[in-house]
Amino acid sequence: MITLTINGKEIRLDKPVTVLKAAQQAGIKIPTLCNHELLKPFGGCRLCVVEVERMPKLMTSCTLMAADGMVVRTESDTIADVRRAILEFLLINHPLDCPVCDKAGECELQDAVMQYGPPTGRFIEEKRKVRESHDDPILARNMERCIVCTRCVRMCEDVQGASAISMIERGGRTVMEPFSSRSFNCEYCGNCITACPVGSILSRLYMHSYRPWQMDKEVETICGYCGVGCSFVAQVRDESIKRVIPRIGFGMNNGLLCSKGRFGYGFIEDSGRLKTPLIRKGDALVESTWDDALDLVAEKLTEIKDSYGGRAIGGIASARCTNEDNYVFQKFMRVACGTNNIDSISRTGYAAAQKYFEGLLGQGINANIIGGIKRSDMVLVLGGDPASVNPVLGLSIRAAAKAGAEVAVIGHAPGLERYKTINVLPPLFKEADILEALLLEVFRARGNRGESHAIDRAVSEFDKEYSGKTDMHGLEELKDKLLKSDSISIVFGMDLVQRTDGHRALFATAGLTHLLEARLYLLSERPNEQGVIDAGCVPDMLPGGRPLGIPDFRRRYEDAWKRPIPDTEGMTLMEMIEGAKKGDMKALYIMGDNPVFNLPDRTFIKESLASLDFLVVQDIFLTETAELADVVLPALGWPEKSGTYTNLERRIQLLRKTVETTSGMDDWSIISRLSCRMGYDMLYTDAENVMDEISRVSPLYRNLSYKEISDKECLWPYNGEPLRGEAKDIKVIKEKSRDYDADLYLALDKPLFHSGSISQRSPGLMDISPEPRLKIGTRLAEKMCLKDGDNVIISADRGSISIRVSIDPCVNGKVVLMSNNFKEKGALGIMGYNLDPVTKAPGIEGCAVTLRRG
């Protein structure tokens, strides 16, 4: 215990902190400009000086550690004189343009000058002139305002780990500049904006449009892009989001955001938003009333159910919709439509991986706090680039590396290029071979564990029959590092699930997780991929992770819902699509997703959906899938609705309505109104009312309320009961990897600045990355005499796309990378697939392509 006195107030500290932090804990404000809560003490501005008894000179409180018995004064005539002089020096070059500066009203220099600054300036020299830079598409620089606190540079280097900016020149000419000079050309996290205490770095999205005091409201909510679930404050004026800002201590992201979270909110005001229901009349979709549209849907679904049974109806839920939306959707499908054919696009990755891992290792195996990565002494990354898919999680890996942890990457992860200590590059599409070999190396080194767990027995049996090589380059070093590490985090990306033999990589990763007692993290591209599973939008599980096939569990929900539930498992996502093509599936209800764009083999998907007797799409835009629908129902985007999301840690968080709109209706409300028309009443008043029912029905969500979710960290297993049970013996399918003999293959790219197809409707993100690019390796570029920006035509069996190239020296010579984010230029559209027989996820590897100049 440390006891010190500040301004006559006795303060007790449990652990050593700086005098500045001790004062802040006691509610005593000490001015500072270079200090920031996320940064190490710097002591550059000297504004935080204090007097300490028995010390001969003023001390900077941000660097001085509190000591027992210390007596500190933060205000005196001497201190005031020093602060006044410091501010006077800063104002020599700082322009007095507060009335036109966008930082006015929240500028830390402005606040300090108001309290301590001189009434007039004594310096008559001309202020320095620095050209204001508007070359960057999203970030504006005004270096005349820069006070050289270096907070932006330290944030970019020490916290973000991007090292994209630096201070240049000397003395009064010192300014911040990006390494690419004209534009930032960086990760565009915008955390430098948060760090800047003045108006030197600003977002062009909101410049000259408002002042902080003109906001109508500020709403604490969460981001609706990826599965990290970052918290932020949305500032709203005239029912329009003007900007979003993170806050220190608020949410698991603790004051940090990525480009999508900070600049991606503009889609909500896109002119293409659906505003009224649409009904197909002949070949055209025409506007309709809600009553007519819902009556038609109820009539058609009832007719198909009566004629063909519930098995002829399927539902595709959405990981962009809330837990409440998805719960009501699966309840409607099971009870009103009489079918367990319920799945989501997450089947292509997260849902398939999560089911497999929980089947082997038990429920909650992926319920790990992201902050735990920072405390690991080794991080193993495979199946994707965390810095692109889940950027804030990627920051934890970078932080671990800076703290001395080993970072091993199997495959390609550009965002960790400067932080990886081991990189194992598998042969093309043969990551499973590497992982199986690594698993056996670790298993053999660990010795006999008694085979007490089913996975021990499975690995032992696998070892006896394994005929592959285990002496692959780099594996020995990786194995040694893993065995010597006490705290290991495994970060698993979905690229490895989207393989025809994806279950092999899943089995090997599960074995490594078990043998190394590692924490397992599943990268998640959408905000509620875990929630859509927990809500019951899978064909074999009821809400709360209860198996459909166990009568006692099924009876519990039947008693609550007062209707029988079909006792046979439903079809998975791709099985429903293929069933539509065969004629087994007659009707499909798609809520909040776009399978035509987001699934491989676009021509086949469109043909399958066209084969349906009836297709309903519920979305916020007229997507490629909605264009095929018989009825289109306008829903709400995440800033317009209330509810909850469950992030990749299995943390439940509140999504609060940010803006009001008349464009559509809550997804759960549409479904409940439709259900009433089909003879099963669901009378909910709001999203909270839905959660109240979930907490009564689902053992996992027992007694959970919005107040509890809001007041504390709501982490798995919440107040509920996770399903316990002995893991069953595992049947391992032994396969040999196929050979890839074509000259060139197409693989899916996961860009940092885009997510799904919704980001192409966000002006801020489109300013940063306005078009898709085909990433090619240096050798291929030289062979074809291509330079950055040249146009090519990429052709596969299922189509061709004209696109410009981007040369990336890290790309494998036999592979080109293309994203699936831009209309008519999505990679998945020309890629075929084969179903993994175990996970039922589509494998998209091995898409042979040719390139020619366009």
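The sections below set out a description of the structure shown in this document. All figures in this text were calculated on a predicted structure; none of them were measured in a lab.

1. Notes on the overall build of the chain
Link 1 in the chain: If you tally the helices and strands in the chain, you get 25 helices and 38 strands.
Link 2 in the chain: Over its C-alpha trace the chain gives a radius of gyration of 29 Å, about what one expects of a compact globule, namely 29 Å for 854 residues.
Link 3 in the chain: For the chain, the C-alpha atoms occupy an extent of roughly 90 × 65 × 60 Å along the three principal directions.
Link 4 in the chain: Looking at the chain as a whole, 62% of its 854 residues qualify as buried.
Link 5 in the chain: Once local pairs closer than 6 in sequence are excluded, the contacts in the chain between residues at least 24 apart make up 72%.
Link 6 in the chain: Total accessible area computed for the chain in this model is approximately 33700 Å², and 48% of it derives from carbon and sulfur atoms.
Link 7 in the chain: Side chains of the chain carry 109 positive and 117 negative charges; the gap between the two charge centres is 3 Å.

2. Let's talk about the side chain of Asn-821
Link 1 in the chain: Looking at where Asn-821 falls in the secondary structure, it is placed in the loop between strand E34 (815-818) and strand E35 (834-835).
Link 2 in the chain: Classification of Asn-821 as buried rests on a relative accessible area of 6%.
Link 3 in the chain: Here the side chain of Asn-821 touches Ser-819 through a polar contact of 3.4 Å, side chain to side chain.
Link 4 in the chain: What Asn-821 contacts, discounting residues up to four positions off in sequence, is Phe-597, Pro-751, His-754, Ser-755, Gly-756, Ser-757 and Gln-760.

3. Quick look at the sheet that holds strand E12 (residues 240-245)
Link 1 in the chain: Read across the open sheet, the three strands follow the order E10-E11-E12; overall the sheet is antiparallel. The open sheet is flanked by strand E10 (217-222) and E12, the only strands paired with a single partner. Between one strand axis and the next, the sheet turns through 30° on average, direction left out of account.
Link 2 in the chain: Here five bridges tie strand E11 (residues 231-237) to E12, and the two strands are oriented antiparallel to one another. Looking at the pairing, Val-236 lines up with Ile-241 of E12.

4. Quick look at the pattern of salt bridges
Link 1 in the chain: Evaluation of the coordinates by the stated rule reveals 55 salt bridges.
Link 2 in the chain: With a shortest N-O distance of 3.1 Å, Arg-73 and Glu-51 are connected by a salt bridge. With Arg-73 in strand E5 (residues 71-73) and Glu-51 in strand E3 (residues 49-52), the pair connects residues that are 22 residues apart, well separated along the chain.
Link 3 in the chain: Judged by relative accessible area, Glu-51 falls into the buried class, the value being 17%.
Link 4 in the chain: Between Lys-707 and Asp-711 there is a salt bridge, with its nearest N and O atoms 2.6 Å apart. Residue Lys-707 and its partner Asp-711 are located together in helix H23 (residues 706-711), separated by four residues, close to a single helical turn. Like Lys-707, the residue Asp-711 is exposed in the burial classification.
Link 5 in the chain: Salt bridges sharing common partners tie together Asp-433, Glu-436, Asp-501 and Arg-504.

5. A closer look at a negative patch on the surface
Link 1 in the chain: Residues Glu-299, Glu-303, Asp-306 and Asp-613 make up a contiguous surface patch of negative charge.
Link 2 in the chain: Among the secondary structure elements, Asp-613 is positioned in the loop between helix H20 (602-610) and strand E25 (614-619).

6. Description of the environment of Ser-200
Link 1 in the chain: Checked against the element boundaries, Ser-200 lands in the loop between helix H5 (191-195) and strand E9 (201-203).
Link 2 in the chain: Among the residues examined, Ser-200 registers a relative accessible area of 3% and is labelled buried.
Link 3 in the chain: The spatial distance from the C-alpha of Ser-200 to the C-alpha of Asp-102 is 9.7 Å, given a sequence separation of 98 residues.
Link 4 in the chain: Beyond its immediate sequence surroundings of up to four residues, Ser-200 is in contact with Ala-140, Arg-141, Asn-142, Met-143, Arg-145 and Cys-146.
Link 5 in the chain: One polar contact links the side chain of Ser-200 to the main-chain carbonyl oxygen of Arg-145, over a distance of 3.5 Å.

7. Quick look at the environment of Ile-577
Link 1 in the chain: With respect to the helices and strands, Ile-577 occurs in helix H18 (residues 573-582).
Link 2 in the chain: Judged by relative accessible area, which is 1%, Ile-577 ranks as buried.
Link 3 in the chain: Separated by 555 residues in the primary sequence, Ile-577 and Ala-22 have C-alpha atoms spaced 61 Å apart.
Link 4 in the chain: Those residues in contact with Ile-577 that sit more than four places away from it in its chain are Leu-588, Leu-599, Phe-604, Ile-605, Ser-608 and Leu-609.

8. Things to note about unusual backbone geometry
Link 1 in the chain: Residue Pro-717 is reached from Trp-716 by a cis peptide bond, and omega for that bond is 5°.
Link 2 in the chain: Structurally, Pro-717 can be placed in the loop between strand E29 (714-715) and strand E30 (745-748).
Link 3 in the chain: Its identity as a non-glycine residue notwithstanding, Arg-650 has a phi of 70°, on the positive side.
Link 4 in the chain: Structurally, Arg-650 is set in the loop between strand E27 (643-646) and strand E28 (651-655).

9. Quick word on the state of the cysteines
Link 1 in the chain: Taken as a whole and judged by the stated rule, the model has zero disulfides.
Link 2 in the chain: Distance from the sulfur of Cys-156, which forms no disulfide, to the nearest cysteine sulfur (Cys-189) is 6.5 Å.
Link 3 in the chain: Free cysteine: Cys-337, not disulfide-bonded; nearest cysteine sulfur from Cys-537 at 13 Å.
Link 4 in the chain: By relative accessible area, Cys-337 is classed as buried at 0%.

10. Let's talk about the packing of helix H12 (residues 431-446) against helix H13 (residues 454-465)
Link 1 in the chain: Between H12 and H13, the least distance of the axes is 11 Å, while the angle of their chain directions is 105°. Here H13 runs roughly perpendicular to H12, going by the angle between their axes. Between H12 and H13, the contacting residues are Glu-436, Leu-439, Leu-440, Phe-443 and Arg-444 on the first element and Asp-456, Val-459, Ser-460, Phe-462 and Asp-463 on the second.
Link 2 in the chain: Here the residues of the contact of H12 with H13 sort into five nonpolar, one polar and four charged.

Criteria and thresholds
- Residues numbered from 1 in each chain as written.
- Predicted model: local features only at pLDDT ≥ 70, side-chain atom pairs only at ≥ 80, totals over all residues.
- Heavy atoms only, no water.
- Helix = DSSP H or I, 4+ residues; strand = E, 2+ residues; numbered from the N terminus.
- Rg over C-alpha atoms; globule rule 2.2 N^0.38 Å.
- Buried < 20%, exposed > 50% of the residue type's maximum accessible area, 1.4 Å probe, protein only.
- Contact = heavy atoms within 4.5 Å.
- Areas by Shrake-Rupley, 256 points an atom, 1.4 Å probe, with all protein chains shown as cover.
- Lys, Arg positive; Asp, Glu negative; His and termini not counted.
- Charge placed at Lys NZ, Arg CZ, Asp CG, Glu CD.
- Polar contact = N/O pair within 3.5 Å; in protein donor to acceptor, adjacent residues only side chain to side chain.
- Pairing = 2+ DSSP bridges.
- Axes fitted to C-alpha atoms, helices over the stretch in contact; angles between N-to-C directions.
- Salt bridge = Lys/Arg side-chain N within 4 Å of Asp/Glu carboxyl O.
- Patch = residues over 30% accessible without salt bridge, like charges linked within 9 Å, V, L, I, M, F, W, Y side chains within 5 Å.
- Disulfide = S-S within 2.5 Å.
- Parallel < 35°, antiparallel > 145°, perpendicular 65-115°, else oblique.
- Nonpolar A, V, L, I, M, F, W, Y, C, P; charged D, E, K, R; others polar.

Keep in mind these values describe shape, not function.
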